[in-house]
Amino acid sequence: MSDTQRLAGRILATVHPTWRHELETVRGVSLSEAAEWAAARITDGEQVLPAPENIFRALSRPADETRVLILGQDPYPTPGHAVGLSFSSAATTRPLPKSLQNIYTEYVDDLGLPRPESADLTPWTRHGVMLLNRVLTVCAGAAGSHRGMGWEQVTGAVVDHLSRRPVAAILWGRQAQEVATTVGKQRCVLSPHPSPLSAYRGFFGSHPFTRANRILADQGVGEVDWSLADQEVA
């Protein structure tokens, strides 16, 4: 077995069995092919983000747990920032990524909760929130560098599965909003991306968290507890 094949196996090992079952027949690019593509880039010496064990981190929980999908574009290109969950980072990342800073500004305004200090959004995943990017890898320092390489087929299949269940989708940015018709626009919160380049064009004041909870309530699904207070760090 080659180094690339062994690494691809490590990457795939993080996918929950229920997602492996659901995504066995992805059109265009399979999970295995996507893992092998990423592994080949890494073994060829490219600095691919996030780390191999985090590439499929958004699919590490059971497929039927997701109530809210937060869909971003691609991982943070700054080394040390990307952790495999869209917009999240390591708890002690300083300074916070700028998009996350803006998300926290809207979080405080929308929910009236204290501003989180940690960059880690993992608590949301334990409450049924999937933090997925449209593209799951990026070359360090080059935002958008892995778009059009096949990830869109994989994440599109994820969205297609979620669309068959009660769900609310928070779609930030044009690339994420490509899946709105699949989910059904009435179940989507659409706004500009929270990056500094676009947040003032309608992200601020969009109230994504309370709107997502209303969408869930309309489908008879319990609301998400968005509190991140237990994650605050010094």
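None of these values were measured; they are calculated from a predicted model.

Observations regarding the sheet that holds strand β5 (residues 168-172)
Spatially, β3-β2-β5-β6 is the arrangement adopted by the four strands of the open sheet, whose pairing is parallel. At either end of the open sheet lies a strand with only one pairing partner, and these are β3 (129-133) and β6 (188-191). Each adjacent strand pair in this sheet contributes to an overall mean axis angle of 15°, direction not counted. With four bridges joining them, β5 and β6 adopt parallel strand pairing. The residue bridging Ile 170 from the neighbouring strand is Val 189, located in β6. This element, helix α6 (residues 151-162), spans β2 (68-72) and β3 of the sheet and lies at about 155° to β3.

Observations regarding the packing of aromatic side chains
For the structure on display, the rule yields 11 aromatic pairs. Aromatic ring contacts, followed pair by pair, group Phe 87, Trp 172, Tyr 200, Phe 203 and Phe 204 into a single cluster.

Let's talk about helix α8 (residues 208-218)
Inspection of α8 places Pro 208, Phe 209, Ala 212, Asn 213, Ile 215 and Leu 216 among the buried residues, and these make up the whole buried set. The arc enclosing the buried residues of α8, seen along the axis, measures out at 155°, which places them on a common side. Just downstream of α8, Gly 220 is the residue with a positive phi angle, here 75°.

Examining the nonpolar core
Phe 56, Val 68, Ile 70, Trp 124 and Trp 226 are the most contacted members of the largest nonpolar core, which totals 71 residues. In this view, Ile 70 contacts Ser 86, Phe 87, Trp 124, Val 129, Met 130, Leu 131, Leu 132, Ile 170, Trp 172 and Trp 226; residues no more than four positions away in its chain are not counted.

Calculation notes
- Residues numbered from 1 in each chain as written.
- Predicted model: local features only at pLDDT ≥ 70, side-chain atom pairs only at ≥ 80, totals over all residues.
- Heavy atoms only, no water.
- Pairing = 2+ DSSP bridges.
- Helix = DSSP H or I, 4+ residues; strand = E, 2+ residues; numbered from the N terminus.
- Axes fitted to C-alpha atoms, helices over the stretch in contact; angles between N-to-C directions.
- Contact = heavy atoms within 4.5 Å.
- Phe/Tyr/Trp six-rings, centres within 6.5 Å; stacked < 30°, edge-to-face > 60°.
- Buried < 20%, exposed > 50% of the residue type's maximum accessible area, 1.4 Å probe, protein only.
- Arc of directions from axis to C-beta.
- Core = buried A, V, L, I, M, F, W, Y, C linked by side-chain atoms within 4.5 Å.

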